[in-house]
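# Per-entry structural report
The residues making up each chain are set out below.
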Amino acid sequence: MTETSTGLQLLAQLFGEQPQPVFWMKPLWGPNETGIIDFEYFYCNAAMYQFSGLSPVQLIGNRISNTLTLKEENKAEVIEQMALVLTSGKKFEGSIYNTQLNKYYSFTRTRVEGGVLTVIQDRTEEYKMIRELETQKNLLNSILTYSPSGISV
């Protein structure tokens, strides 16, 4: 059994049934190991497939540079983030609205076994509720401000 397949089995045992989307990617190095040029999906849990709307065939073996889950202008930034995590060993946390997936989410990236593990927390419903509350607040303020009868509160 190879080291990679053992690692993938461990990832599947640890994250396979988790409700949060999880994926692990390995770096692709340039000529003569000069630098990281991309990352390739090696593991995704079931929640990741559901979250992204993509199948294992569309993700596993795919690269950041040609993934359907990111806009072109975001791909280089993600590769840079992941390379930093891999080379420094420091975790990276962030939040984003992904227009490709039409979702808000926060994520944590950590170095694991020569690759980068990303755990996602879907925040889409939370952001929808915040927007609804802001809309209601603005409507109430508008009513109070422009009411001709001088509402007393």
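## Considering helix α4 (residues 72-88)
Between the first and last C-alpha of α4 there are 25 Å, a value that for 17 residues agrees with the 24 Å anticipated at 1.5 Å per step. Looking at the buried residues of α4, the elements they touch are β1 (22-29), β2 (36-44), β3 (92-98), β4 (103-112) and β5 (115-122). Looking one or two residues beyond α4, the residue adopting positive phi is G89, at roughly 80 degrees.

## Some remarks on the pattern of salt bridges
Enumeration according to the criterion identifies 3 salt bridges in this entry. With a closest N to O distance of 3.7 Å, E73 and K71 form a salt bridge. On the basis of relative accessible area, E73 is assigned to the exposed category, the value being 57%. The class of K71 is partly exposed, set by a relative accessible area of 32%. The shortest N-O distance in the salt bridge between K91 and E93 comes to 3.8 Å. A residue is classified by how much of its surface remains accessible, and K91, at 52% relative accessible area, is exposed.

## Re the sheet that holds β3
Strand order in this open sheet of 5 strands is β2-β1-β5-β4-β3, and the pairing throughout is antiparallel. Each edge of the open sheet is held by one strand with a lone partner, namely β2 and β3. Neighbour to neighbour, the strand axes of the sheet diverge by 30 degrees on average, direction disregarded. Note: β1 against β5, 4 bridges, orientation antiparallel. By the bridge assignment for β5, W24 is matched with L117.

## Topic: the pairing of β3
Both β3 and β4 contribute to a ladder of 7 bridges, which runs antiparallel. Along β4, the bridge assignment pairs S95 with S106. With antiparallel pairing between neighbouring strands as the criterion, β3 and β4 make up a hairpin whose turn holds 4 residues, including N102 at a positive phi of roughly 55 degrees.

## Points about the side chain of S52
Examined against the element boundaries, S52 turns out to sit in helix α2 (residues 46-52). The buried category is assigned to S52, whose relative accessible area is 9%. Separated by 3.2 Å, the side chain of S52 and the backbone nitrogen of L54 make a polar contact. Setting aside residues up to four positions removed in sequence, S52 forms contacts with L59, T69 and L101.

Analysis parameters
Residues numbered from 1 in each chain as written. Predicted model: local features only at pLDDT ≥ 70, side-chain atom pairs only at ≥ 80, totals over all residues. Heavy atoms only, no water. Helix = DSSP H or I, 4+ residues; strand = E, 2+ residues; numbered from the N terminus. Expected span 1.5 Å × (residues − 1). Contact = heavy atoms within 4.5 Å. Salt bridge = Lys/Arg side-chain N within 4 Å of Asp/Glu carboxyl O. Buried < 20%, exposed > 50% of the residue type's maximum accessible area, 1.4 Å probe, protein only. Pairing = 2+ DSSP bridges. Axes fitted to C-alpha atoms, helices over the stretch in contact; angles between N-to-C directions. Polar contact = N/O pair within 3.5 Å; in protein donor to acceptor, adjacent residues only side chain to side chain.

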